[in-house]
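Single-letter residue listing:
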Amino acid sequence: SSRTEYVVKVKSLASANNYELTKTTAVYTGTAVTLQTSDVNVTNNAGTVSTIYFKQNGNTVNPINVGEYDVYVTTVATDDICAGDIKIGTFTITRATQTGFVINNTTLNICGTSVVVTSTGGQGGDVTYTIADNTTTKDATINSTTGELKVNSAGTVIVTATKAATTNYKEA
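Here the structure is a predicted model, which is why all the values come from computation and not from measurement.

Peer 1: Which parts of the structure should I look at to understand the sheet that holds strand 9 (residues 114-116)?
Peer 2: Adjacent strands of a sheet pair through backbone hydrogen bonds, lying either parallel or antiparallel. Here 3 strands make up an open sheet; going across it, the order is 9-13-12 and the pairing antiparallel. With partners counted over all chains shown, the strands left at the sheet margins are strand 9 and strand 12 (140-142), one partner each. Within the sheet, the average angular offset between the axes of one strand and its neighbour, ignoring direction, is 15°. Two elements, strand 9 and strand 13 (residues 148-151), share 3 bridges in a ladder whose sense is antiparallel. Looking at the pairing, Val116 lines up with Glu148 of strand 13.

So, in structure tokens, the structure goes:
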């Protein structure tokens with residue numbers, strides 16, 4: 001009887017411990033985030049990263065909006081390590097600061113009973129108007145939604161306009 005021997009080399013599976021994500025956050029811009037292979041440090045000769053992709057709730061996605069995304073790499077096989085897809089970390093997109101939000105009529109002289117304060121710009125939600133605590137006349141009211149300001153006595157009224165935050169933008 002003859003006997004044949006085979007040498008079987010068993011490769012290791014790639015491990016997330018051998019990949020370090022160096023870029024983990026970005027501020028919302030409205031465009032998809034991309035990572036480069038240079039954004040991943042590889043240790044212990046674990047194998048080259050061929051692609052980087054994102055998942056959210058188990059689905060492969062292009063990360064655009066504010067939130068957390070799982071980061072996966074596809075690795076190239078080496079003599080000792082199998083190729084594979086590995087979750088190596090989490091990437092977070094944070095809210096952006098709104099730009100261009102202003103009150104249009106910053107100085108008003110009221111000679112009647114009311115005036116409407118208006119605002120423009122920003123990327124957020126609804127605007128809310130309030131009267132600041134350092135107002136010198138105590139006989140003033142403002143409609144928080146419409147901006148209609150009613151003043152019944154002389155003095156200075158300081159109005160604050162706040163643009164609500166949205167999923168992707170901070171409050172302004």
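Peer 1: Teacher, can you tell me more about the sheet that holds strand 2 (residues 25-27) here?
Peer 2: With mixed pairing, the 5 strands of this open sheet are ordered in space as 2-7-6-4-5. A single partner strand is all that each edge strand has here, and the edge strands are strand 2 and strand 5 (59-61). Across the sheet, the mean angle separating the axes of adjacent strands is 40° when strand polarity is ignored. Bridge analysis of strand 4 (residues 49-56) against strand 6 (residues 67-75) gives 6 bridges, and the strand direction is antiparallel. Counterpart to Tyr53 in the pairing with strand 6 is Tyr72.

Peer 1: Looking at this model, I keep getting lost on the pattern of salt bridges. Mind explaining?
Peer 2: Two side chains that carry opposite charge are able to pair once their charged atoms sit near each other. All chains considered together, the criterion is met by 2 salt bridges. Ionic pairing is found between Glu5 and Arg3, a salt bridge with its closest N-O pair at 3.1 Å. On the basis of relative accessibility, which here comes to 71%, the residue Arg3 falls in the exposed class. Lys87 is paired through a salt bridge with Asp70; the nearest N and O atoms lie 3.3 Å apart. In this pair, Lys87 sits in strand 7 (residues 84-94) while Asp70 sits in strand 6, placing the two residues 17 residues apart along the sequence. For Asp70, a relative accessible area of 24% corresponds to the partly exposed category.

Peer 1: Looking at this structure, how should I read the environment of Ile103?
Peer 2: Along the chain, Ile103 turns up in strand 8 (residues 102-103). Residues within four places of Ile103 in sequence aside, it is in contact with Val117, Thr118, Ser119, Val159 and Ala161.

Peer 1: What am I meant to see in a nonpolar patch on the surface here?
Peer 2: Where nonpolar side chains cluster on the molecular surface, the patch consists of Tyr6, Val8 and Val10 and spans about 420 Å² of accessible area. Positionally, Val8 belongs in the segment before strand 1 (19-21).

Thresholds applied
- Residues numbered from 1 in each chain as written.
- Predicted model: local features only at pLDDT ≥ 70, side-chain atom pairs only at ≥ 80, totals over all residues.
- Heavy atoms only, no water.
- Pairing = 2+ DSSP bridges.
- Helix = DSSP H or I, 4+ residues; strand = E, 2+ residues; numbered from the N terminus.
- Axes fitted to C-alpha atoms, helices over the stretch in contact; angles between N-to-C directions.
- Salt bridge = Lys/Arg side-chain N within 4 Å of Asp/Glu carboxyl O.
- Buried < 20%, exposed > 50% of the residue type's maximum accessible area, 1.4 Å probe, protein only.
- Contact = heavy atoms within 4.5 Å.
- Patch = residues over 30% accessible without salt bridge, like charges linked within 9 Å, V, L, I, M, F, W, Y side chains within 5 Å.
- Areas by Shrake-Rupley, 256 points an atom, 1.4 Å probe, with all protein chains shown as cover.

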